[in-house]
Amino acid sequence: MSPAFVMPTRILVVGSGGREHALAWKLAAEPGINDVIVAPGSAGIEREPRVRIAPGIDPLDGGAVVDLARREAIELAVIGPEAPLAAGVADALNDAGVPVFGPTAAAARIESSKAFCREVAAAAGIPMANGRAFDSLSPARAYAFELAARGDGVVVKADGLAAGKGVTVCANAHEAEAALEALVESPGVAESAGRFRVVIEERLEGEEASVIAVCDGRNALAMPAARDHKRLADGDRGPNTGGMGAYSPLNDLPDAAIPGVLATVHRPILAELERRGTPFVGALYAGLMLTRDGPRLLECNARFGDPETQVLLPRLATALGPLLLAAARGGLGGDAARARAPDGLLPVTREAAVGVVLAAAGYPDAPVRGATIRGLDAVDDDGGLVFHAGTSRDADGTWRTAGGRVLTVVGRGADVAAARAVAERRADAMDWDGLQRRPDIGAELATAGSER
């Protein structure tokens, strides 16, 4: 390890889902790390060696998170979900002098406002779908009808945070109108700065890909591409969810293409945010559509993706802790970073990884909590991994569902087919009443022409 990179020994991870479990799993296994605390964490996360949880901490309460960091002498805080970022938890940690991997609330607007993301992308010269932001229903409906009249599909996006579920892909004007009316009936989903706001875009054709980069405000080092499957049911049917599975690597966006994505997407966004006085420190997630005319930016997230993180971290062939600390300190531009990732792509194993999400009955609209999970502790040691997203454990050891997405089962193998086989075997070993799961994650999908 280059001396320019320092290994933090005590790390705080903010969050409680499958992404945070994967982060804790990766960080706690790295040499030199003594303690990983996850706040609030979960019973599943707590089972990892060298991992503790702080269940009484509200992840949206910056003061409580700062107090915990000070009490535990934390050397690096890593914020997992988007809501604490939008709530300014990174700002509070920065003000307290705690190195934090996660953007300020101002920089996190790249995710918390889809209209702001379009504004930044336009200023940075990054191609996106044709679209506009609207503050009222009538002009939004008129623009959606205009796009539909051209024969294009229409995408309706709530401007604010919606846990990955605020996007509706519509085949015609009737579906677009219904999606807009649904947002009006649930105004909190489409609120930005306390007012109704929605983005209407044309639907792009192609396959989706996610590229996540570790950023220090100016510099970016990327992970390989992954593909998330948002729709609930196989064949990309059903409603949008927070993600039902992911896999990496991708044949249509191979590792060799990632430096080009950094140059045309991530670095221009970083430069534009820095120009605006809101430098971005954290995981910059670019959701792309791979069209016939090249990649187009669909959206940005201000954190590691979920479930992409669960398949990317098992492929990472370098320690994560020192990279995140270097980013928090603005130190990804030196010789050590260039030596580790000379073309901007972080080193990864040759293995593939496939993650299958097991979801509760009623997800995504009304997840059923409390169902008994069978088979969780009886899985074989076949190289697979199980990350807890929404589970609880009774005093007698019984595992129960406690959220919409309950588990992410990850398989690793020489290629995607082999990794998928491991993930499917692991998933087959578990069950609960009403379990929902896609059987086609990592399989060849006929999804050309579907944006989500």
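Predicted, not measured: the structure shown is a model, and the values here were computed from it. Chains are numbered independently. Their residues run from 1 in the order of the written sequence. Per-residue local features of the predicted model are confined to residues with pLDDT of at least 70, and side-chain atom pairs are confined, for both listing and counting, to 80 or more; whole-chain, interface and lining totals are unaffected and use all residues. The side-chain quantities take in all heavy atoms of the structure and omit both hydrogens and water.

### As for the pairing of strand β18 (residues 281-291)
Extensive coverage of β18 is indicated by the burial of 11 of its 11 residues. Sheet topology note: the strand β12 (residues 207-216)/β18 ladder contains 10 bridges and is antiparallel. Looking at β18, one finds that Val214 is bridged to Ala283. Note that β18 and strand β19 (residues 294-301) share seven bridges and pair antiparallel. Only protein chains enter the accessibility calculation, which uses a 1.4 Å probe. A residue is then buried if its area is under 20% of the maximum for its type, exposed if over 50%, and partly exposed in between. Helix and strand labels come from DSSP, where a helix needs a run of H or I of at least four residues and a strand needs a run of E of at least two; each type is numbered from the N terminus. In this scheme, strands are said to pair when DSSP sees at least two bridges between them.

### Things to note about the environment of Gly344
Within the element layout of this structure, Gly344 appears in the loop between α13 (335-340) and β20 (352-359). Using a relative accessible area of 4% as the deciding quantity, one classes Gly344 as buried. The spacing of Gly344 and Val156 is 188 residues in sequence and 34 Å in space, taken between C-alpha atoms. Residue contacts are defined here by distance: any two heavy atoms, one from each residue, within 4.5 Å place the two residues in contact. Excluding its chain neighbours within four sequence positions, the residues that come into contact with Gly344 are Ala220, Leu221, Ala222, Leu262 and Arg267.

### Some points on the sheet that holds strand β3 (residues 51-53)
Overall, parallel pairing links the five strands, which are arranged β3-β2-β1-β4-β5 in an open sheet. Each edge of the open sheet is held by one strand with a lone partner, namely β3 and β5 (100-101). Summarising the sheet, strand β4 (residues 76-79) and β5 pair through two bridges and their orientation is parallel. Paired with Ala77 across the strands is Val100, a residue of β5. Packed on one face of the sheet, helix α1 (residues 18-28) meets β1 (10-15), β2 (35-40), β3 and β4 and runs near 170° to β1. What counts as an axis is a line fitted to C-alpha atoms, over the stretch in contact for a helix, and the angles between N-to-C directions run from 0 to 180 degrees. Along the sheet, helix α3 (residues 62-71) contacts β1 and β2; its crossing angle with β1, the most-contacted strand, is approximately 160°.

### Description of the confidence of the model for the protein chain
On average, residues of the protein chain score 92 in pLDDT, and 93% of them are at 70 or above. Across residues 445-452, where pLDDT falls below 50, the model places 36 contacts with residues more than four positions away in sequence or in other chains. Each residue gets a pLDDT score, which is the predictor's confidence in that residue and runs from 0 to 100.

### Description of the side chain of Thr408
Note that Thr408 resides in strand β24 (residues 405-413). Residue class for Thr408 comes out buried when judged on its relative accessible area of 3%. Under this definition, polar contacts are N or O atom pairs within 3.5 Å; protein pairs additionally need one hydrogen-donor-capable and one acceptor-capable atom, and for neighbouring residues in sequence, both atoms have to be side-chain atoms. A polar contact is formed between the side chain of Thr408 and the side chain of Gln310, at a distance of 3.3 Å.

### Considerations on unusual backbone geometry
Peptide bonds are mostly trans, and most non-glycine residues show a negative phi. Here the amide bond leading from Asp306 into Pro307 is cis, since omega sits at 25°, within 30 degrees of zero. Inspection of the secondary structure puts Pro307 in the loop between β19 and α11 (308-312). Between Tyr363 and the following residue, Pro364, the backbone shows a cis peptide bond with an omega angle of 10°. Counting through the fold element by element, Pro364 comes out in the loop between β20 and β21 (385-388). Even without glycine at this site, Asp236 takes up a positive phi of about 55°. Mapped onto the fold, Asp236 is located in the loop between β15 (231-233) and β16 (237-240).

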